[in-house]
Amino acid sequence: MNYTLGIDCGGTFIKAALFDELGNLHSLHRENVSVISETAGYAERDMQQLWAICAEVVRLTIEKSQIKPSAIKGVGISAQGKGAFLLDKQNKPLGRAILSSDQRSLEIVKQWQSEGIPQKLYSITRQTLWTGHPVSILKWVQQNEPERYAQIGSVLMSHDYLRFCLTGELHCEESNISESNLYNMATGKYDQTLADLLGMPDILDKLPPVIEPNKIAGYVTENAAKLTGLAVGTPVVGGLFDVVSTARCAGLEDETKLNAVLGTWSVVSGITDYIDQTQELPFVYGRYAEAGKFIVHEASPTSAGNLEWFVKQWSNLSYQEINEGIATLPPAGSSVLFVPFLYGSNAGLGMQASFYGMQSYHTQMHLLQAIYEGVLFSLMTHLNRMFIRFPKTNVLRVTGGPVKSEVWMQMLADLTGMRLEIPQVEETGCLGAALMAMQGVGLDISQVQALNAEMQVFEPNKANYEAYQAKYQRYQKLTEALKAMI
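Starting afresh in each chain, residues are numbered from 1 along the sequence in its written order. Local features in this predicted model are restricted to residues of pLDDT 70 or higher, and side-chain atom pairs are both shown and tallied only at a pLDDT of 80 or more, whereas totals for entire chains, interfaces and linings draw on every residue. In computing side-chain properties, one takes all heavy atoms of the structure into account and sets aside hydrogens as well as water.

Describing the sheet that holds strand β19 (residues 294–300)
The strand order across the open sheet formed by 7 strands is β18-β19-β17-β16-β22-β23-β24, and the pairing between neighbours is mixed. Of all strands in the sheet, those with a lone pairing partner are β18 (284–287) and β24 (456–458), marking the two edges. Along the sheet, successive strands turn relative to each other by an average axial angle of 30°, direction set aside. Two strands pair if DSSP finds at least two bridges between them. A run of H or I in DSSP becomes a helix once it reaches four residues, and a run of E becomes a strand once it reaches two; helices and strands are each numbered from the N terminus. A fitted line through C-alpha atoms serves as each axis, taken over the contacting stretch for helices, and the angle formed by two N-to-C directions is quoted from 0 to 180°.

Points about the UniProt feature "domain: Carbohydrate kinase FGGY N-terminal" (unreviewed entry) in the protein
Cross-referencing UniProt, the feature "domain: Carbohydrate kinase FGGY N-terminal" (unreviewed entry) maps to residues 3–247 in the present numbering. End C-alpha to end C-alpha, residues 3–247 measures 22 Å, and it is 35% helix and 25% strand. UniProt positions are given in the numbering used here, feature names are shortened, and annotations may be inferred rather than shown by experiment.

Points about the packing of aromatic side chains
Stacked, tilted and edge-to-face are the three classes assigned to paired rings of Phe, Tyr and Trp, where Trp is represented by its six-membered ring and a pair needs centres within 6.5 Å; plane angles under 30 degrees give stacked, over 60 edge-to-face, the rest tilted. In the structure shown here, the tally under the stated rule is 12 aromatic pairs. Their ring planes at 80° and their centres at 6.4 Å tell us that Trp309 and Trp314 sit as a pair that is edge-to-face. Overall, the relative accessible area of 28% leaves Trp309 in the partly exposed class. Consider the rings of Phe377 and Tyr472, whose centres lie 5.6 Å apart with planes at 40°: the pair is tilted. Separated by 95 residues along the polypeptide, Phe377 in helix α13 (residues 364–389) and Tyr472 in helix α16 (residues 462–482) bring together distant segments of the chain. When accessible area is computed with a 1.4 Å probe and restricted to protein chains, residues below 20% of their type maximum are described as buried, those above 50% as exposed, and intermediate ones as partly exposed. The class for Phe377 is buried, based on a relative accessible area of 2%. An aromatic cluster of at least three residues, connected via ring pairs, comprises Trp309, Phe310, Trp314, Phe338 and Phe355.

A short note on α13
With 26 residues, α13 ought to run about 38 Å at 1.5 Å a step, and its terminal C-alpha atoms sit 39 Å apart, in line with that. With 20 of its 26 residues buried, α13 lies for the most part within the structure. In this scheme, a helix's expected span is set at 1.5 Å multiplied by one less than its residue total.

Some thoughts on the UniProt feature "domain: Carbohydrate kinase FGGY C-terminal" (unreviewed entry) in the protein
UniProt tags residues 258–438 as "domain: Carbohydrate kinase FGGY C-terminal" (unreviewed entry). End C-alpha to end C-alpha, residues 258–438 measures 25 Å, and it is 37% helix and 21% strand.

A short note on the environment of Ile53
Within the secondary structure, Ile53 sits in helix α1 (residues 47–65). In sequence terms Ile53 and Gly348 are 295 residues apart; their C-alpha atoms lie 36 Å from each other. Apart from the residues within four sequence positions on either side, Ile53 is in contact with Ile14, Glu31, Asn32 and Val33. Residues are treated as being in contact if the distance between any of their heavy atoms lies within 4.5 Å.

Observations concerning unusual backbone geometry
Here Asn91, not a glycine, exhibits a phi torsion of approximately 65°, which is positive. With respect to the helices and strands, the residue Asn91 is situated in the loop between β6 (85–88) and β7 (97–98). Look at Ala332: it is not a glycine, yet its phi comes out positive at around 55°. Assignment of secondary structure puts Ala332 in the loop between α12 (319–327) and β20 (337–339). Among the residues examined, Ala332 registers a relative accessible area of 14% and is labelled buried.

See below:
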């Protein structure tokens, strides 16, 4: 039996999992990876620490499996997108990595918006502009740390950096770098016009060659082998942006299905084989894991991280107790609204989280119910936009931690009025990365069982639809009113 290793580097954890040729999971290990936030709005990561944790996670995954390293035929990495992992001209980490959740470039983005820069970029990049984009972060470094900017040797994202640590080879993976605002979506290449528009004409020299997700980018070095337990010479493929990885595992075969991811971020994705030039809204496109296809997605950091924060700060309840308690409350029956903008907003730059509508008789469970609802109301902002681009949608496939909550999933089905399908793939990041490794080394992925498994289904309760829609309208009015507070 041959095996492949999938690594998933997310906002909170780094995981590694070993899969056989049928996609069966044989071993999994995860470790928390800290986000450093010593200044308001900053979100950084120690790059050397990240690699050390990654190597340890891989080593322990292999040890748990008792599989010989020589049986592992390939490695793939899935990781959160955007941000900037900078190396100097000697290929050493140039300070801390700056993550996509970092907001230090907020004023730069506002300035670009006032100058109409996003509109000038969009026809070439098919991207919007926000604080977590590599170009926003690079511009901040250029303006505020010019000595550091001058020392940049390579601009990478997180899985590019980890792949470099494994192989010693520098590449930018296509599904991620295609959403950098330095990549021409039509030509599939970096574009000097973009660098010039952003006032960084020399930055393309710092971008390594583009590598496709399932192409071999390099081989495990002797030093990396000692740290990870992998065999020297094991192929490592380009890997995937984690949003693409999840969509791949959700099996989006056509434009009748969308994938909603609920995690730290709320993400809605669809797959298409063309860029629709007729749309007035600036939909975000990226290269997909299959040749000739694009992923279209909407996203914001307005999801389950809000619940995790509340539970950590204010509640001693288990998630099971929370679900049981919410199930006893009338659907959409409380006046309490929660705006889930603790880590960012999809309603306006600089907007923050809040509860509204509390009265003395409300309990902690009412607040928790409002968090569940608020996360989904925020998700509806993205869904409603995506329905414009994908008007034939009739099924919503949902992935992420909240799918373990039946009450939360039923709430989503009732709010949208749509059939929900839950893929039976727990570690979509790891499996998606492993699928790319399988393809890279010539293994057949058509027999991967998890991709063909029957899905859990939630049908909407029509009796609750109007109540949720009415409360969603109140949520929209509240967010509009809060914009005046910025």
